[in-house]
Amino acid sequence: MNSLHRLGELWKNTFINSPIGIAIASKHGKFVMVNRSLCLLLGYSENELIQYRWQDLTHPEDLLQEISLIFDIATSDRNEYKIHKRYIRKDETICSVVSLVSAIRNPDLELQFLLNHVVDITELNKLREITKTKLTADLRTDILLALQQNEFYLEYEPIRDLRSDRIVGHEGLIRWQHPQKGLIAPLKWIPFCETDPFLMTQICSFVVTEGVKEARKRDTWISVNISPLSLQSPAFFTLLSEIGWTSDRARIYLEITERIPLDSTYLEKLQLFGYGVMLDDFGQGHSSLIQLLQILDRLHSDFFKIKIDGWFSDNISNRSTQLVVAEFLNILHGLGLKAIAECIETEAQLKLWQELGCDYGQGWYWR
């Protein structure tokens, strides 16, 4: 009995004096017990705070996620969860916390109370934001310097005819060779450029300029990737005009992902400058037959190709995928269009694409 009493006193002292916020709430969310640290964090006295539910003080944007987690605890054998959330203090300022919630159940395993440990990370988040801002500014400066100091280059990956195995084209993939950091992976900096229209236009201008130089050296066509955002930049179209590429058949294609809807008037303008258009990652963005037909109303088929997203290569052994791909290829061929299968990495994938009648292939299998 004395051991239980001492244990109870120890828990009580831990609850009261803990440097982090602790609360016990009913299964409906009403605070039953709160400690001094939680009161200080939220700006309420103990008597004030136990008049509220945690739902009343949770930021509205975080409420739905936590209600879902508590519902999961109430209706399953799950007993705890952790969530990053925001509370609204008494003075209406916002604090960011990590909330660790555990279930307290009765002998029949029914949920009775919720034990909540609350760690204040408001200042830590501010420090992270300052650090992120500095890193962002540094990265922007590094990219602009890299453009000036010729640290970027294009690496060319072949595109082959699936019937003859002949190389018919090359995709120019941008690479960044930093003098101190070495080769920097595109995923570490391209997503950042896509948030900065000026940077994105500079990068797109670089790849087009380099792609045109390469196209003049090769017998095959060249494709390079540009962002749809660059199509909204007058400076980018001025560059295309200054390059002065003209041709009755496209020998350089600008690959444009259709993760956002495309304005076909911009694509028609590219054709007038002599550039072909290649829809990249087709099938996983805003792909639709309506958009395809709208583009064909403005572009000649000699200036338009489609790259089928790599997901289809990954799943090409699936019978349903094969049926969909076969029908789509029939439609494209009926429209006089050519299709390129991305991410062919095995001989089995290669054979299936050949059997389905795809025109071109690109991937690691041939390397």
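Here, residues in each chain are numbered from 1, in the same order as that chain's written sequence. Given that the model is predicted, a residue must reach a pLDDT of at least 70 before its local features are reported, and side-chain atom pairs must reach 80 or more before they are shown or counted; all residues, however, enter totals for whole chains, interfaces and linings. Side-chain figures throughout are based on the complete set of non-hydrogen atoms in the structure, without hydrogens or water.

Engineer: How should the overall build of the protein chain be read in this particular structure?
Structural biologist: Helix numbers and strand numbers start at the N terminus; a helix is a DSSP run of H or I with at least 4 residues, a strand a run of E with at least 2. In terms of regular secondary structure, the protein chain is built from 14 helices and 14 strands. What you see for the protein chain is a C-alpha radius of gyration of 29 Å, clearly larger than the 21 Å of a compact globule of 367 residues, by over 25%. When the backbone C-alpha atoms are referred to their principal axes, the protein chain occupies close to 90 × 50 × 40 Å. Scored against the burial criterion, the 367 residues of the protein chain give a buried share of 46%. Residues count as neighbours in contact if any of their non-hydrogen atoms are within 4.5 Å of one another. Of all intrachain contacts in the protein chain linking residues separated by at least 6 positions in sequence, the fraction that spans at least 24 positions is 58%. Per-residue and other accessible areas were derived by the Shrake-Rupley procedure at a 1.4 Å probe size, with only the shown protein chains allowed to occlude residues. Per element, the accessible surface of the protein chain, about 20000 Å² overall, is 54% carbon and sulfur. Side-chain charges in the protein chain split into 39 positive and 48 negative, and the spacing between the mean points of these groups amounts to 3 Å. As defined in this context, the radius of gyration uses C-alpha atoms, and a globule is described by 2.2 Å times the residue total to the power 0.38. Here the term buried applies to any residue with accessible area under 20% of the maximum for its type, exposed to any over 50%, and partly exposed to those in between, with areas from a 1.4 Å probe on protein chains only. Charged-residue counts in this description rest on Lys and Arg as positive and Asp and Glu as negative, His and the chain ends being excluded. Charged groups are reduced to one reference atom each: NZ for lysine, CZ for arginine, CG for aspartic acid, CD for glutamic acid.

Engineer: Please clarify how the environment of Ile-159 should be interpreted in this entry.
Structural biologist: As for its placement among the helices and strands, Ile-159 is situated in strand S6 (residues 152–161). We classify Ile-159 as buried; its relative accessible area is 0%. Here the alpha-carbon distance between Ile-159 and Trp-221, two residues 62 residues apart in the chain, equals 9.4 Å. Other than its neighbours up to four places away in sequence, Ile-159 contacts Arg-166, Ile-167, Val-168, Gly-169, His-170, Glu-171, Trp-221, Ser-223, Ile-340, Tyr-360, Gly-361 and Gln-362.

Engineer: Mind showing me how you'd approach the layout of surface pockets here?
Structural biologist: It is a probe the size of a water molecule, rolled over the atoms, that shows where empty space is left. Of the volumes computed, that of the largest pocket is approximately 1100 Å³. If you go around the largest pocket, you meet 37 residues; those closest to its centre are Glu-171, Leu-173, Ile-190, Asn-225 and Asp-280. Here the element with the most residues in the lining of the largest pocket is strand S7 (residues 167–178); it accounts for five residues. Here the term charged refers only to Asp, Glu, Lys and Arg, the term nonpolar to Ala, Val, Leu, Ile, Met, Phe, Trp, Tyr, Cys and Pro, and the term polar to all other amino acids, Gly among them. Here the residues of the lining of the largest pocket sort into 18 nonpolar, seven polar and 12 charged. Put plainly, a pocket is an open set of points on a 1 Å grid over the protein atoms alone with protein on both sides within 12 Å along at least five of seven lines, a cavity is a set where a 1.4 Å probe fits but cannot get out, and a lining residue has an atom within 4 Å of a point. Grid points are joined across faces, edges and corners, and a volume is the space filled by probe spheres set on the points.

Engineer: Could you clarify how one ought to interpret the nonpolar core in this entry?
Structural biologist: Proteins that are soluble and globular tend to have nonpolar side chains buried together. Within the largest apolar cluster, 64 residues are counted, with the highest numbers of intra-cluster contacts made by Ile-143, Phe-152, Trp-189, Val-208, Leu-270, Phe-304 and Trp-353. Per element, the largest residue contribution to this core is nine residues, and it comes from helix H8 (residues 197–215). In contact with Trp-189, other than residues within four places in its own chain, are Leu-139, Ile-143, Phe-152, Ile-174, Trp-176, Ile-184 and Ile-203. Within this scheme, the nonpolar core is defined by two criteria: the residues are buried Ala, Val, Leu, Ile, Met, Phe, Trp, Tyr or Cys, and they are joined through side-chain atoms within 4.5 Å. Core analysis: the next-biggest nonpolar cluster, separate from the first, contains 25 residues, Ala-23, Phe-31, Val-34 and Leu-38 among them.

Engineer: What am I meant to see in the pattern of salt bridges here?
Structural biologist: Between side chains of opposite charge, pairing is possible as soon as their charged atoms come close. Note on definitions: salt bridges are taken to be side-chain nitrogens of Lys or Arg within 4 Å of carboxyl oxygens of Asp or Glu. Inspection of every chain in the model, using the stated rule, returns 18 salt bridges. Between Arg-218 and Glu-214 there is a salt bridge whose closest N-O contact spans 2.7 Å. The closest approach of N and O atoms between Lys-307 and Glu-255, which form a salt bridge, is 2.9 Å. Within this pair, whereas Lys-307 is found in strand S12 (residues 304–308), its partner Glu-255 is found in strand S10 (residues 252–257), the two being separated by 52 residues in sequence. We note that Lys-307, like Glu-255, is buried. Connected through shared salt-bridge partners, Glu-61, Asp-62 and Arg-86 make up one network.

Geometric values such as these leave the question of function open.
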